[in-house]
Amino acid sequence: MLGAGLIKIRGDQCWWDLTCMDYHYETQPVPNPLAYFLHQSPWWFHRFETLSNHILELLVPFFVFLGRRLCLLHGVLQIFFQVVLILSGNLSFLNWLTIVPSLSCFDDATLGFLFPSGPGGLKDRVLRMQKEEAGGAKPEPRYGCLVRRVANISLGILLAWLSVPVVINLLSSRQVMNTSFNPLRIVNTYGAFGSITKERTEVILQGTASANASAPDTVWEDYEFKCKPGNPWRRPCLISPYHYRLDWLMWFAAFQTYEQNEWILHLAGKLLANNAEAVSLLALNPFEGREPPRWVRGEHWRYKFSRPGGKHASEGKWWARKRIGPYFPPLRLEDLKDYFQARGWPLEEPM
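Residues numbered from 1 in each chain as written. Predicted model: local features only at pLDDT ≥ 70, side-chain atom pairs only at ≥ 80, totals over all residues. Heavy atoms only, no water.

Q: Give a detailed account of the pairing of strand β3 (residues 200–208), specifying residues and quantitative values.
A: The buried count for β3 comes to 9 of 9 residues, which makes it a mostly enclosed element. Residues Arg200, Glu202, Ile204, Gln206 and Thr208 line one face of β3 and the alternating positions Thr201, Val203, Leu205 and Gly207 line the opposite face, and both faces are buried. Where β3 lies against strand β7 (residues 295–305), 9 bridges are found, and the strand directions are antiparallel. Counterpart to Gln206 in the pairing with β7 is Arg297. With 2 bridges connecting them, β3 and strand β4 (residues 221–222) associate as antiparallel partners. Looking at the pairing, Gln206 lines up with Asp222 of β4. (Buried < 20%, exposed > 50% of the residue type's maximum accessible area, 1.4 Å probe, protein only. Helix = DSSP H or I, 4+ residues; strand = E, 2+ residues; numbered from the N terminus. Pairing = 2+ DSSP bridges.)

Q: Describe the pattern of salt bridges, with residues and values.
A: According to the stated counting rule, one finds 17 salt bridges in the structure shown. The shortest N-O distance in the salt bridge between Lys198 and Asp12 comes to 2.8 Å. Of this pair, Lys198 sits in the loop between β2 (188–189) and β3 while Asp12 sits in the loop between α1 (2–9) and α2 (14–17), and the two are 186 residues apart along the sequence. For Lys304, the salt bridge goes to Glu26, with nearest N and O atoms at 3.9 Å. With Lys304 in strand β7 and Glu26 in helix α3 (residues 21–27), this residue pair connects regions lying 278 residues apart in the sequence. One network of salt bridges, in which partners are shared, links Arg200, Glu202 and Lys228. (Salt bridge = Lys/Arg side-chain N within 4 Å of Asp/Glu carboxyl O.)

Q: Just give me the short version of the UniProt feature "transmembrane region" (unreviewed entry) in the chain, but keep the residues and values in it.
A: Summarizing the sequence annotation, UniProt attributes the feature "transmembrane region" (unreviewed entry) to residues 79–99 and 150–171 in the numbering used throughout. For residues 79–99, the end-to-end C-alpha separation is 6 Å, with 76% helix and 0% strand making up the annotated structure. Its end C-alpha atoms 31 Å apart, residues 150–171 is made of 100% helix and 0% strand. (UniProt positions renumbered as here; feature names shortened; annotations may be inferred.)

Q: Lay out α1 with the relevant residues and their values.
A: With 6 of its 8 residues buried, α1 lies for the most part within the structure. Turning to α1, its buried residues number three or more, namely Gly3, Ala4, Gly5, Leu6, Ile7 and Lys8. For α1, the elements touching its buried residues are α2, α5 (43–59) and α10 (143–171). (Contact = heavy atoms within 4.5 Å.)

Set out below in structure tokens:
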């Protein structure tokens, strides 16, 4: 949490201006239905969200070390924060995992109500053990206990040693986000949304059965992904904690170029061949049960949430979109032959 907070104040100016949440819900990797409504919140609410984020990531983590009550408060606040993130976006299993260490903030006295307290119950047995120990009746130390203690101490020393570069990175003004410093990958550095994209762009993949891709009467048909925005009328999905990795990667590709994301041309080649594994990752293949497309292209669009009560919303659209231009030009399977060979990719045969 501290790493995520530090990467923000060292990153985008909007975290200092408290304006990042004006954009986050609309431009996050895979928005969900609640994100649409949260995006419409008044400006003062977005300022409150951004300020609260700083408090929860930069201040609240230290509560763990400040006594029982503040440790409990830390657990409550962090779990609440993660639940809000789960409800407001499809950030895969990340937030669910972040809840797990916060559970250690709650001691036996706090969680005791969850367990039976009658005779013979768990609490009753624990109380009897505590009374026996208080009376001097201690169990004989066993070999297994000694081995476990040695293993615990050894693991603690290993983690402390591996954490040195992580802590140095955390304190550095050149903090690196989401990096591992050793092949074991036990201890890593983390940080999220150090910079916020201010507008949402999408790559829409299209295919056509036309022989001439540049003819004015050529009909291009859209491929639909399972979760990322495409069809403006389609409601944003809700999949957390599940993760559609291809949809996530398409978000990154949209604010970069296809030269920086060679895999997208690899995908285009598979779509030109109607590859069964590739199309299984999509929600809609317009060429299902038909001959594969002769051409596939990528189109670049700008997306914005429709405004409630506005023209697009009245038409049932969740998104308003405007074409920016081509993302990659129309391609045939034979056009990709040399490109695939140079990278050691097998060229697909049409199915």
